[in-house]
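Here's the letter readout for the chains.
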Amino acid sequence: MRRLAASGAAGAAGAAAAPAADSTDCAQGRSPRPRRLIDLCALWDTGVSSPAAGWKRASGIARRRLNEAETLSSVQEAQLERLEAARPGRLGSGERGPVLRMARQPPPPSVHAAILLCLLSLSGAIEIPMDLSQPPTITKQSVKDHIVDPRDNILIECEAKGNPAPSFHWTRNSRFFNIAKDPRVSMRRKSGTLVIDFRSGGRPEEYEGEYQCFARNKFGTALSNRIRLQVSKSPLWPKENLDPVVVQEGAPLTLQCNPPPGLPSPVIFWMSSSMEPITQDKRVSQGHNGDLYFSNVMLQDMQTDYSCNARFHFTHTIQQKNAFTLKVLTNNPYNDSSLRNHPDMYSARGVAERTPSFMYPQGTASSQMVLRGMDLLLECIASGVPTPDIAWYKKGGDLPSDKAKFENFNKALRITNVSEEDSGEYFCLASNKMGSIRHTISVRVKAAPYWLDEPKNLILAPGEDGRLVCRANGNPKPTVQWMVNGEPLQSAPPNPNREVAGDTIIFRDTQISSRAVYQCNTSNEHGYLLANAFVSVLDVPPRMLSPRNQLIRVILYNRTRLDCPFFGSPIPTLRWFKNGQGSNLDGGNYHVYENGSLEIKMIRKEDQGIYTCVATNILGKAENQVRLEVKDPTRIYRMPEDQVAKRGTTVQLECRVKHDPSLKLTVSWLKDDEPLYIGNRMKKEDDSLTIFGVAERDQGSYTCVASTELDQDLAKAYLTVLGRPDRPRDLELTDLAERSVRLTWIPGDDNNSPITDYVVQFEEDQFQPGVWHDHSKFPGSVNSAILQLSPYVNYQFRVIAINEVGSSHPSLPSERYRTSGAPPESNPADVKGEGTRKNNMEITWTPMNATSAFGPNLRYIVKWRRRETRETWNNATVWGSRYVVGQTPVYVPYEIRVQAENDFGKGPEPDTVIGYSGEDLPSAPRRFRVRQPNLETINLEWDHPEHPNGILIGYTLKYVAFNGTKLGKQIVENFSPNQTKFTMQRADPVSRYRFTLSARTQVGSGEAVTEESPAPPNEAYTNNQADIATQGWFIGLMCAIALLVLILLIVCFIKRSRGGKYPVREKKDVPLGPEDPKEEDGSFDYSDEDNKPLQGSQTSLDGTIKQQESDDSLVDYGEGGEGQFNEDGSFIGQYTVKKDKEETEGNESSEATSPVNAIYSLA
C-alpha cells in the first residue's frame, strides 16, 4: 500500500470560490507524508509583488523595482524544482517495495483558480486597472517569420489595449502602408489585425515584405515586432531523364536528391517507384541533406529502384522524383540470400575488403556554426568493406549525456538546446576490421540576442524617481537602441527629467508630462529583440481589486495565505486586522508580506473569523473583509493494498474515507495516474473498486482520490497481474558455420512471472514450408545459443518464451540461412513389411524430414527377399514412403532393407527388417473338447489351428444354452491367441450347451468347430420324458396306439370264443416231408424251429392266402417239462393236453409273456 495525501489550494490568497455569492475558499492539505497538490500561493515564503505594487516614495526607503517580480519567480521555480527532486520516483516492475509513488492527479477547478490568482500576483509587469488612463500595450502579434499558405487569405495579427483605446497603422518595408488604397486589404474592427483577401483575385507573392504594427493613443505609441511575411512555395521537380547507375559490387554510391527549394524546406524521404519504403540500415541510409548513401553496394540492391520524395508542409503534397535504377557489376551473379548473414559475406561474394573513407563530410576536418538554443546536428557517413561503425567523441571532455542522442544508425549526433559550453571540437571515428579514420568538426556557438533584464512597465506617482533597464546578451554582443513612441530617442523632444545611460533610462522627479511608451531594440547579425515598456505617472487613491466580503474556507492545520489585491499611486501600505481588533496582525502564527498578503502558518479552529485588510496612501484608504471558515481534512483511513493476481481472477481494492460532513465528497479512481474508465468488468462502490476477470492490461497503479471542493487525499496500490511473457524480439544470426549458428535475441517482458525456458523453433521451405518444428530448448536465463544444423536446410528461426503462466507468442522470424548438402547419414525409421492382401506385402517407413535429407532429390532404395532362401535381393527406387510387393505366398517371412539416397550419395547400409506377406483366414482349431466334471461347470479345451495363415490375434467362442426346443441368448467370448482353455459356469443343471469356436487373424475369423455339452445323468431322461409327455404330437400318438391295442384285443377275444382246436399228426416212423398235403380240416404239420417260416401271410401261386404261422406258438411250450420230442425232433404230445393244463395252471410259465400270448390267454 502507498498513501499520498494532497489538498487543493484556491482563491486569491490560496482560496476557492464557495457556493455563496462573491465568496472564495482556500485550502491546502497538510500531512506527514508528501503531497501532490501544493498551494502555489503558500509555497513561496519570500513574498511576491502585488499587482498594485509600485515604488515607495524616495524618503529614504529602499525602492524595489518591479523587476523584483521576475527574480521572485526564479526563486519560486527553484523551490518547485527542489520539491520535485524530493519526490520519490516510481519503481520499476521489479521493485515492488513500500516506496511512495506520486500520482499526477489533475487538481479540481478550485485549485486551478488558486494557481491562476497566485500567478497573477506574481506577474512581472504592472497591470493598471483598465478604467484608468494608460498608454497602449501590445497583447498579440504574429511571429517574426510569418509564412502563409498561398491558397488562403493572409492574416497578420496585431492586438493592443490601452485607455483610451488605441488606433492602429502599419508600415511595410519601413514605409507607411496605406490600407485605404488597396481594396484587398482591411483591418479588423477594434483591432490592428490585417486581412488580405484574394477571393476576387490577386497574387499573394505581391504582398511579401516586412510589416510592423503601431498602436497609438494620446499617452504614447507601442510597436510590434518587424514581421517578415513570406508565401509558402512548393516548386516542381525539374524535368530530367536519369540513366541507369552502373556500379561495381562493394563500391560506395551516393544518389543525390537535390529537391527544389521550397518554403519552408520540404521533408525528404526515399521510396521505390511503387511507393514501397527503402529499407535503411548502417550500410544504406539517408543523409540530413536528403541524399541516399550506400557505404558499399551489394547485388541485392538491384532488386528495386530508388526515388526521392519531397513532402511540402503547407500544400500537404508529395512530389516524386524520377527513379534511379541500379546496375551492379559482380563477380558472383548468384544472389543467395543465405550469404547476407554469412560471417565473411563479402569475401564469399568475391568483394575486396577496404578501409573506411568519408562520403560526408569530405576530408578529415570541417567546421559548423549553431545558434544558442537551437539543435546541433553533426553527421558522418563513411564507406568501406565491411560497412564501418561510427562512434562520436568530444575533444577534451564528454558528450553532454542529458542533451546528446544518436540518430541514423549512429551516423548523426544531435545536441538539443545548445549553449555556449557546447562549443569545441567533436570528432567521429569510422572503423571496420581493415582500419579506422576520423573526421574532426569544429563547433562554434553563436547567439542571437536574449534577455538578461527586459524592461517592464513603470508606474510612478508625481515627483517619484524610476528607471527602465534593457539588458541583453548575444554573440556577437548586441547593440541597444532606445526609442520613444516609435521614434529614435535622439530625435525625440528633450526631457530634462530623463537621462540615458547605455542600457538604462533614469527618470527623476517625474511629472504627468513624462508619460510615454519606450521601445528597447537590441540586435546583432543573428537577430533582434524588441520590447515595449510604458511610463505612467498617476495620482490614484487606494482601491481594492478583489471582490468584497469573500468567504474563505480552509482545511485544518494547513498553511494559508490571504491575499488582498489592491492598487494605488503612490504605493499604499497594507495592514490586517481580525474580528475588528485594533492590533495589526503580524508575528507569531501570522506573517504579512510586502505585497500585503497575510500568511497563517498553521490554521487552527480559533483562527476562524473575519479578517480586514486596509490599504492606505497619502490620497486615502480602502479596505476589504474576508471571512475565514476552518474545515476538517479529508482522509482515507482504509487504503487499498498492493495485490498480485493471476489472470482471470477477481480483485477488490478498498478505499474508505472520512471527511468534513459540510463538504461534498467525491471518490474517483486513477489507473497509472490517468482517469480510470469503469467498464463492464469493473464495479465502483463508495468504499471499494472490484475488477472481475483480471487481464494483463489491468496491471498498474490504482489511486483512490477522495476529494472535496477544498482538498483531497490520495492512496495508491499496485496491482500486479501474472501473465504470459511478451514475445522475444530482434533475432540475430552470428557465428555462421557449416553445421552451426549462434542465435541471439532480446527477451520480452516477463509480465511479473520469471521466464523459465526458451523454445527455439525452425522452419524450412522445401519439405514443409510454413510448418514450424521445435529445434531445442534453453533455460530462461540465456538469450544466446549455439544451434546445431543439418546439411542442405534453408533455416529460419523463431523463439518462444515460457513462464509459469504460459507461453508467449512466437517472435518474428529471423533471416534465413542455408547449409550445404551431404549424403544422408541415416536411413528411414519404422521400416515394416505387412500384407494388405493375402498375396502381397506392403513395405512402409517413416519418411525422412528436412533435417535428415541432407540434399536434394531424396529417394529410397527398397530391397526384399524371402527369408532363409538365399534368393537374390529384389530392389526398387521409391520417392514416397511405401512400396507393394505382389504375388506373394500367404504369410511368408521376408527380409527387407530401405536405404536413403540423395544427389550427394547414399546413406549408410540399412538394417535388415523381417516382414510378412499377407494373411488369410485360419483353419479350425484342433481337438475341441467339451467336458462336464459336475453339474456346475463345463471345461473347454482346444489346440491351435493346423494352418494359422497369419498371426493369430485370438479366438472367438460363441455358445448358447438349449433345453429341448428352447434356446437361450447367445454369448460371445474373445480369448487371447495364447489361451486354449476355458471354464464356464452353468446357469442351471438341466440345460445343455452348444459351443462354436473359431480362430482369428487380422483378415477375420476362420473355420469354426461346433460341439455340445453331454446330457446330465438320470435327470436328463426323466426331464426329457416329462418334456415329451406334454407335447401334442406325443399325446395323439399314444391315443392312436391305445385304440389299436383295443381293436386287437377285441379281435382276439372274438376268435377265442369260436372254440377251435389244433389236431396233431400221429406218430410215424418216417418224418414228415414238406410235400405232405395239408389237412382239409385245418390241422397243420409243424416244422423244426429253425425252418419256421416268417410271420405274416404270403400269396400262393394260385392266388389264395396261406396261413404261414399257427395262431399258436411254440413259445407256449418253450420250457415246459412235459413236452417231449422223439429222436428226429418231432413233437410228442397233444396240444390240447397242454392247453388244458395251461388253463388249470394259469399263466405261470417262466417265459416272458408276449403280447400275443396275453391276447390269446384272454380269449
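These numbers come from a predicted model, not from an experiment. (Residues numbered from 1 in each chain as written. Predicted model: local features only at pLDDT ≥ 70, side-chain atom pairs only at ≥ 80, totals over all residues. Heavy atoms only, no water.)

Considerations on the packing of aromatic side chains
The cut-off we apply is this: Ring pairs shown here join Phe, Tyr and Trp side chains whose ring centres sit within 6.5 Å, with only the six-membered ring taken for Trp; geometry is labelled stacked below 30 degrees between planes, edge-to-face above 60, and tilted in between. The rule for a charge over a ring is simple: NZ of Lys or CZ of Arg within 6 Å of the ring centre, and within 35 degrees of the ring normal.
This structure, assessed with the given rule, holds 19 aromatic pairs. Within the aromatic cluster, the residues linked to one another by ring pairs are Phe928, Trp942, Tyr955, Phe975 and Phe982. Positioned above the aromatic ring of phenylalanine 427 is the side chain of arginine 438, whose terminal nitrogen or guanidinium carbon lies 3.9 Å from the ring centre. The positively charged end of arginine 561 is found above the aromatic ring belonging to tyrosine 593, 4.5 Å away from the centroid.

A few points about the nonpolar core
How we decide: Residue types Ala, Val, Leu, Ile, Met, Phe, Trp, Tyr and Cys, when buried and joined through side-chain atoms within 4.5 Å, form a set referred to as a nonpolar core. Only protein chains enter the accessibility calculation, which uses a 1.4 Å probe; a residue is then buried when its area is under 20% of its type maximum, exposed when over 50%, and partly exposed in between. In this text, helices come from DSSP runs of H or I with a minimum length of four residues, and strands from runs of E with a minimum of two, each type numbered from the N-terminal end. The contact definition used throughout considers only heavy atoms, calling two residues in contact when any of these lie within 4.5 Å.
Ile154, Ile156, Trp170, Leu194, Tyr207 and Tyr211 are the most contacted members of the largest nonpolar core, which has 30 residues in total. Those elements that provide at least two residues to this core are strand S4 (154–156), strand S5 (158–163), strand S6 (167–172), strand S9 (194–196), strand S10 (209–217) and strand S12 (227–231). With near-sequence residues (within four places) excluded, isoleucine 154 lies in contact with Val148, Leu194, Val195, Ile196, Phe198, Pro204, Tyr207 and Leu229.

Considering the sheet that holds strand S31 (residues 466–469)
Condition: Each pair of strands is called paired provided DSSP finds at least two bridges between the two strands. Simply put, an axis is a line fit to the C-alpha atoms, just over the touching stretch for a helix, and the angle between two N-to-C directions goes from 0 to 180 degrees.
As summarised here, the arrangement of the three strands in space is S31-S36-S35, forming an open sheet in which the pairing is antiparallel. The open sheet has two edge strands, S31 and strand S35 (498–501), and neither has a second partner. When the angles between neighbouring strand axes are averaged without regard to direction, this sheet yields 15°. Two strands pair when backbone bridges link them, and S35 and strand S36 (residues 504–507) are joined in this way by four bridges, in the antiparallel orientation. The residue bridging valine 500 from the neighbouring strand is isoleucine 505, located in S36.

Digging into the pattern of salt bridges
Test applied: When a carboxyl oxygen of Asp or Glu is within 4 Å of a side-chain nitrogen of Lys or Arg, the pair counts as a salt bridge.
For the structure on display, the rule yields 47 salt bridges. The closest approach of N and O atoms between arginine 151 and aspartate 149, which form a salt bridge, is 2.9 Å. A salt bridge links arginine 372 to glutamate 420; the shortest N-O distance between them is 3.6 Å. Of this pair, arginine 372 sits in the loop between strand S22 (365–371) and strand S23 (376–379) while glutamate 420 is found in the loop between strand S27 (412–415) and strand S28 (424–432), placing the two residues 48 residues apart along the sequence.

A closer look at the state of the cysteines
To keep it simple, the criterion reads: Disulfides are defined in this document as cysteine sulfur pairs within 2.5 Å.
Tallied over the entire structure, the rule returns six disulfides. Shown here is the disulfide that connects cysteine 257 with cysteine 308, its sulfur atoms set 1.9 Å apart. The chirality of the disulfide connecting cysteine 257 with cysteine 308 is left-handed, given an S-S dihedral of about -70°. Placement of cysteine 257 in the loop between strand S14 (253–255) and strand S15 (267–271) and of cysteine 308 in strand S18 (residues 307–312) is noted, with a sequence separation of 51 residues between them. Across the disulfide from cysteine 380 sits cysteine 428; the S-S distance is 1.9 Å. In this structure the cystine formed by cysteine 380 and cysteine 428 twists about its S-S bond by roughly -70°; its chirality is therefore left-handed. Of this pair, cysteine 380 sits in the loop between S23 and strand S24 (381–385) while cysteine 428 sits in strand S28, and the two are 48 residues apart along the sequence. Judged by its relative accessible area of 0%, cysteine 428 falls in the buried class.

Focus: the UniProt feature "transmembrane region" (unreviewed entry) in the protein chain
We apply this condition: UniProt positions are given in the numbering used here, feature names are shortened, and annotations may be inferred rather than shown by experiment.
This chain's UniProt record puts "transmembrane region" (unreviewed entry) on residues 1033–1054. Span residues 1033–1054 is 100% helix and 0% strand, its end C-alpha atoms 32 Å apart.

Quick notes on unusual backbone geometry
That bond from asparagine 163 to proline 164 is cis: its omega, 5°, falls within 30 degrees of zero. If you trace the backbone, proline 164 turns up in the loop between S5 and S6. At the junction of tyrosine 360 and proline 361, the peptide bond is cis and its omega measures out at -10° in the coordinates. The topology assignment puts proline 361 in the loop between strand S21 (354–360) and S22. For phenylalanine 854, which is not a glycine, the phi torsion comes out positive at approximately 70°. For phenylalanine 854, the position within the fold is in the loop between helix H5 (850–853) and strand S67 (859–866). At glutamine 887, a residue that is not glycine, the phi angle is positive and equals roughly 55°. Its location among the elements puts glutamine 887 in the loop between strand S69 (882–886) and strand S70 (893–902).

Here we look at the sheet that holds S27
Read from one edge to the other, the open sheet built from three strands follows the order S23-S27-S26, with strand pairing classed as antiparallel. Each edge of the sheet is formed by a strand with only one pairing partner; in this case those strands are S23 and strand S26 (404–407). Geometrically, the sheet is characterised by an average inter-axis angle of 20° between neighbouring strands, direction not taken into account. Alignment of S23 against S27, held across four bridges, turns out to be antiparallel. Bridged to glutamate 379 within S27 is alanine 412.

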